[in-house]
Amino acid sequence: DKVEDDDKDDLESWKKSNATKSATFVASLQQQLPLGRIVYLSATGASDPKHFCNLSRLGLWGPGTSFKDQFDFIADMHKGGIGAMELVAMHMKATGQYLARSLSFKDASFEIIEVKMTDEFKSMYDKSVKMWQKLVANPEWWKRPAENGGKPRNMMGLLWAAHLRFFGQMIMAAKIPEVVALVQKSLAEGMCCVIGLQSTGEAAGGAVDDTSDELFSNAGNAILSLVENYCFPDDEEDKEKLLEEIRNMALPPNPLDQLIALLGGPSKVAEMTGRTSRWVRATRHGKDSWKLSRRVKDDRGELTINVEERKAFQTGRKLVAIISEAASSGISLQADRRCGNQRRRVHITLQLPWASDQIVQQMGRSHRSNQSSAPVFKLMMTTIGGEWRFASAVARRLQALGALTQGDRRASGTGGRSIQAYNIEHSYGMKALKEFMEQIEYGGPLDNTKGTPDFIVEAFPAGNPNQSMRDFLCEAQQVLDAAGFTDVAYRKAGSKLKTFLNRVMGITLEMQNTVFRYFMYLMAARIDKDKSNGDYQEGIVDISGSVIELVRCQDLFECPRTGAKTQRALLRTDRGLSWDKAKETLAEHLEYAKEHGVEDMESGFYGSKDTWDNVAGCKPVMLILQQRTQLTSKMRSKMYHVVRPNTGHSTQVFDWDHISYNYKRSQPNADMQKNWDQLFNFYEKKCGHKHCTAMACSYKKRTTQHNLIIGLVLPF
């Protein structure tokens, strides 16, 4: 009876919500079968608490729990963030309710490739920014005249949607030359390639069999359609001049059609997308041109064509496959032992999706069971600051996927901390944006003790660093206003970081990257400050150390129904690194770099430039190592992690600007060893606070104790 009542309550909740018909039907089915034994199966992992809504029989909400209903549960999970999701997975595994199996990423590799943009593209991008700034600067153009006595309709929302699509296409177009070079190199090395993108930009701009001397531009179509249909200047002649100016803009061609053409055409490339027509190379009057032809040439539909294209790739007749979001479900492109094409797959992500669930689907196409080799994943990223709008969403949701399926945010198989660096949609990102806007309003930093970063001085040379900062903030205000991110817009957006990242794409490249770099600098400074004060919360992290000892384990509670226990475990750890071990760690790192043909000139021992450890009585020293995943990467902006004598390996990574600004390279001499040994020995049983008497304080302490609650962890 209790189960039936709970299911009835869930069904009523579903009917009152905006749930889909299928979701409501599942809730109804469970209500009609109160004695039915139900197993929930999913081919994909849950990456959001709302995915649990239909799973009413798990007992996560309702009487006897801390949550009134599924909506109460979801609200609390969102507040708790990724850490709360990890606890849910751990709790369900402890009760035997949950089994999550995922394919190992042991032999797969993940690399972020930083794309270098050509001068021609930079000029094209900056000119298009000027056009968008003109459209944004005239909000009165975007009010549809009143009809039938109604009110004028504001079309600014459509402008911003087109703005996002336009720059998304521009960013994708910037990557095409480097993707082509990467594919050609991979094929020469005996591998084959799978290229993932989201939107194909369904061929437009003409009817089938139309020809053109130049390839159609998706970016151009986005802005042209916007102005044609939704722009209403007072004078119609002004609109025609605007349209003519847009038509004369130099914009990149459709990235997908250009990519297929550069890789040998449809006879060499297997296209698995949802579009029905495409532009292909043709010859007209003895000259090269483009022709709009049908991709689906009969009544079979694109699904049948995609199956045929998949077969061509899996048998090895075609060695390059391109898949879109429409073909990211149900297609297997791995090096299947049963197929003729046994080449290792190089999976290239050309275009980042709007939601990370889609990139997980795409990655799963080339990494599946029964494969003879694991794929090489390569994520193409430009240096355009605005692209972090997409990368941040992907990083955050991939971490959430690992949290819910494995109880571990790093278990999504995407390079661990390398992708984590792109997650900026958190409280520190919001605080950094708020500080940035306050500095713009004030005309200078609110805290003058930080100094002016070197990259600001280089970009805005003046008589002194303070003047450089003032010049930068003045310029930043002007370009953000022109891009539509005014102070009013900032407050109206509720300080949303997503809005800032969207708008920042409408700034010329050089200034855009300087603005974004300063935003990242402010965020890193806030994190460093909280870490030094012991206020930084990393959520659930590894307990690491050279020695980890289980002192005792105590039972706190045993579930009478399942027998699962809630336990308290006491661990003692020593996380320090001796001088000899530090030198050995550096030697191993440099040897690894040498084996991969890389001369790592930055990794080594460093000392603080201008700080002194008043508690230990010496200068702070550390070992700084470049991330191994980036040693062979083409990225210019490398990331580093820090190893300290008393706290060992840090989980946080830093860019070179932070390292060079705060620390100075030092040789592993007697002075360095003296400081290292002083910090290693002093903090063995003492914390980093001068007058602290709390035994449990672990700030800077080498040996620490951890009390863990394990097993059943809900409610929490």
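Definitions and limits used
Counting restarts for each chain, with residues numbered from 1 along the sequence as it is written. This being a predicted model, a pLDDT of at least 70 is required before a residue's local features are given, and a value of 80 or more before pairs of side-chain atoms are given or counted; all residues contribute to the totals for chains, interfaces and linings. For the side-chain quantities, the full set of heavy atoms in the structure was used; hydrogens and water were omitted. By definition, any uninterrupted DSSP run of H or I lasting at least four residues is a helix, any uninterrupted run of E lasting at least two residues is a strand, and each is numbered from the N terminus. Summary of the burial criterion: residues with accessible area below 20% of their type's maximum are buried, those above 50% are exposed, and those between are partly exposed, where the area comes from a 1.4 Å probe applied to protein chains only. What sets the accessible areas is the Shrake-Rupley method with a 1.4 Å probe; for residues, cover comes only from the shown protein chains. Only when DSSP finds a minimum of two bridges between them are two strands counted as paired. Helix axes are fitted to C-alpha atoms over the stretch in contact, other axes to C-alpha atoms as well, and angles between N-to-C directions run from 0 to 180 degrees. Only residues whose relative accessible area exceeds 30% and that form no salt bridge are eligible for patches; like-charged ones are grouped when within 9 Å, while nonpolar side chains (Val, Leu, Ile, Met, Phe, Trp, Tyr) are grouped when within 5 Å. Every case where a carboxyl oxygen of Asp or Glu lies within 4 Å of a side-chain nitrogen of Lys or Arg is listed as a salt bridge. Here is the rule: rings of Phe, Tyr and Trp (six-membered ring for Trp) pair when centre to centre is within 6.5 Å. Planes less than 30 degrees apart are stacked, more than 60 are edge-to-face, and the remainder are tilted. In this scheme, the term charge over a ring applies when either NZ of a lysine or CZ of an arginine sits within 6 Å of the ring centre and within 35 degrees of the ring normal. Residue contacts are counted whenever heavy atoms from the two residues lie within 4.5 Å of one another. By the criterion applied in these results, polar contacts are pairs of N or O atoms within 3.5 Å in which, for protein atoms, one can donate a hydrogen and the other can accept it, and in which residues neighboring in sequence qualify only through two side-chain atoms. Lys and Arg are tallied as positive, Asp and Glu as negative. Neither His nor the chain termini are counted. Working definition for charges: the position is that of NZ of Lys, CZ of Arg, CG of Asp or CD of Glu. Take the buried Ala, Val, Leu, Ile, Met, Phe, Trp, Tyr and Cys residues and link them wherever side-chain atoms come within 4.5 Å; each set so joined is a nonpolar core. pLDDT gives the predictor's per-residue confidence on a scale running from 0 to 100. The length a helix should cover is 1.5 Å for every residue beyond the first. Think of the arc as the fan of directions from the helix axis to the C-beta atoms.

Caption draft 1: Representation of the overall build of the protein in the model. Broken down by element type, the protein carries 21 helices and 19 strands. The burial tally for the protein puts 48% of its 716 residues in the buried class. If you sum the accessible surface of the protein, you get close to 35,700 Å²; carbon and sulfur atoms cover 50% of it.

Caption draft 2: Geometry of the sheet that holds strand β12 (residues 547–558). Pairing in this open sheet of three strands is antiparallel, and the strands run β12-β13-β19 from one edge to the other. Single-partner strands in this sheet number two, and they are β12 and β19 (703–711). The average angle at which neighbouring strand axes cross in this sheet is 15°, direction not considered. Of the strand pairs in this sheet, strand β13 (residues 565–574) and β19 are connected by nine bridges, and their pairing is antiparallel.

Caption draft 3: Just a nonpolar patch on the surface, in detail. A contiguous nonpolar surface patch, about 350 Å² in accessible area, is contributed by Phe 25, Val 26, Leu 29 and Leu 33. Looking at Leu 29, the relative accessible area reads 40%, which means it is partly exposed.

Caption draft 4: Representation of the pattern of salt bridges in the model. Counting across every chain of the model gives 15 salt bridges. Measuring nitrogen to oxygen at the nearest pair gives 3.7 Å for the salt bridge that ties Glu 228 to Arg 247. Of this pair, Glu 228 sits in helix α6 (residues 218–230) while Arg 247 sits in helix α7 (residues 236–247), placing them 19 residues apart in sequence. Glu 228 sits in the partly exposed class, given a relative accessible area of 36%. Here the salt bridges do not stand alone but share partners, grouping Asp 257, Glu 271, Arg 275 and Arg 278 into one network.

Caption draft 5: Expanded view of the pairing of strand β16 (residues 639–644). With five of six residues buried, β16 is to be regarded as a mostly interior element. By the bridge criterion, four bridges tie strand β15 (residues 621–626) to β16 in an arrangement that is antiparallel. Considered in β16, the bridge of Gln 626 is made with Tyr 640. As paired elements, β16 and strand β17 (residues 648–655) share five bridges and run antiparallel to each other. Each bridged residue has a counterpart across the sheet, and for Arg 644 the counterpart in β17 is Gly 648. Between β16 and the antiparallel strand that follows it, β17, lie three residues.

Caption draft 6: The packing of aromatic side chains, seen in detail. The tally for this structure, following the rule as stated, stands at 22 aromatic pairs. Ring centres 5.4 Å apart and planes at 85° place the aromatic pair Phe 67 and Phe 73 in the edge-to-face group. Each of the two residues, Phe 67 as well as Phe 73, counts as buried. Chaining the aromatic ring pairs together yields one cluster made of Phe 436, Phe 455, Phe 460, Phe 472, Tyr 518 and Tyr 521. Over the ring of Phe 232 we find Lys 239, and its NZ or CZ is 5.7 Å from the ring centre. Above the ring of Trp 160, the side-chain terminus of Arg 503 is found at 3.7 Å from the ring centroid.

Caption draft 7: View of the environment of Ser 608. By the secondary structure assignment, Ser 608 is in strand β14 (residues 604–608). Using a relative accessible area of 4% as the deciding quantity, one classes Ser 608 as buried. When the C-alpha positions of Ser 608 and Met 622 are compared, they lie 8.4 Å apart, and in sequence the two are 14 residues distant. Non-local contacts of Ser 608, meaning those with residues more than four positions away in its chain, are made with Lys 619, Pro 620, Asn 662 and Tyr 663. At 2.3 Å, the side chain of Ser 608 and the side chain of Thr 611 are in polar contact.

Caption draft 8: Examining a negative patch on the surface more closely. On the surface, a cluster of negative charge is made up of Glu 140, Asp 234, Asp 235, Glu 236, Glu 237, Asp 238 and Glu 240. Its place among the elements puts Asp 234 in the loop between α6 and α7.

Caption draft 9: A look at the nonpolar core. In terms of nonpolar packing, the biggest core is built from 37 residues, with Tyr 125, Trp 132, Leu 135, Trp 142, Leu 159 and Phe 166 touching the most fellow members. Mapped by element, the contributors of at least two residues to this core are α4 (119–136), α5 (156–188), α6 and α7. Among the elements that make up this core, the one with the highest residue count is α5 (ten residues). Among residues more than four places away in sequence, those in contact with Leu 159 are Trp 132, Leu 135, Val 136, Trp 142 and Leu 226.

Caption draft 10: Representation of the environment of Gly 220 within the structure. Its location among the elements puts Gly 220 in helix α6. Counting along the chain gives 31 residues from Gly 220 to Leu 251, while the straight-line C-alpha distance between them is 6.4 Å.

Caption draft 11: Representation of the sheet that holds strand β18 (residues 663–666). Read across the open sheet, the five strands follow the order β17-β16-β15-β14-β18; overall the sheet is antiparallel. The open sheet has two edge strands, β17 and β18, and neither has a second partner. With direction set aside, neighbouring strand axes in the sheet form an average angle of 40°. Sheet topology note: the β14/β15 ladder contains four bridges and is antiparallel. Within β15, the residue paired with Gly 607 across the bridge is Val 621. Where helix α21 (residues 670–682) meets the sheet, it contacts β14, β15, β16 and β18, and its direction lies at approximately 100° from that of β15.

Caption draft 12: Region of the structure containing the confidence of the model for the protein. Residues at a pLDDT of 70 or more form 83% of the protein, whose mean pLDDT is 82. Below pLDDT 50 for its whole length, residues 203–208 participates in eleven contacts with residues either more than four positions away or in separate chains. Scored below 50 in pLDDT, residues 402–418 makes 55 contacts in the model with residues more than four places away or belonging to other chains.

Caption draft 13: Structural detail: helix α15 (residues 465–482). Along its 18 residues, α15 runs 26 Å from first to last C-alpha, staying within 8% of the 26 Å computed at 1.5 Å per residue. Every buried residue of α15 is accounted for by Ser 468, Met 469, Phe 472, Leu 473, Ala 476, Val 479 and Leu 480. Considered in projection along α15, the buried side chains sweep an arc of 135° and stay on one side of the axis. For α15, the N-terminal cap is Asn 464; the gap from its side-chain oxygen to the backbone nitrogen of Asn 466 is 3.0 Å. Where α15 ends, the next residue or the one after it, Gly 484, has phi of about 95°, a positive value.

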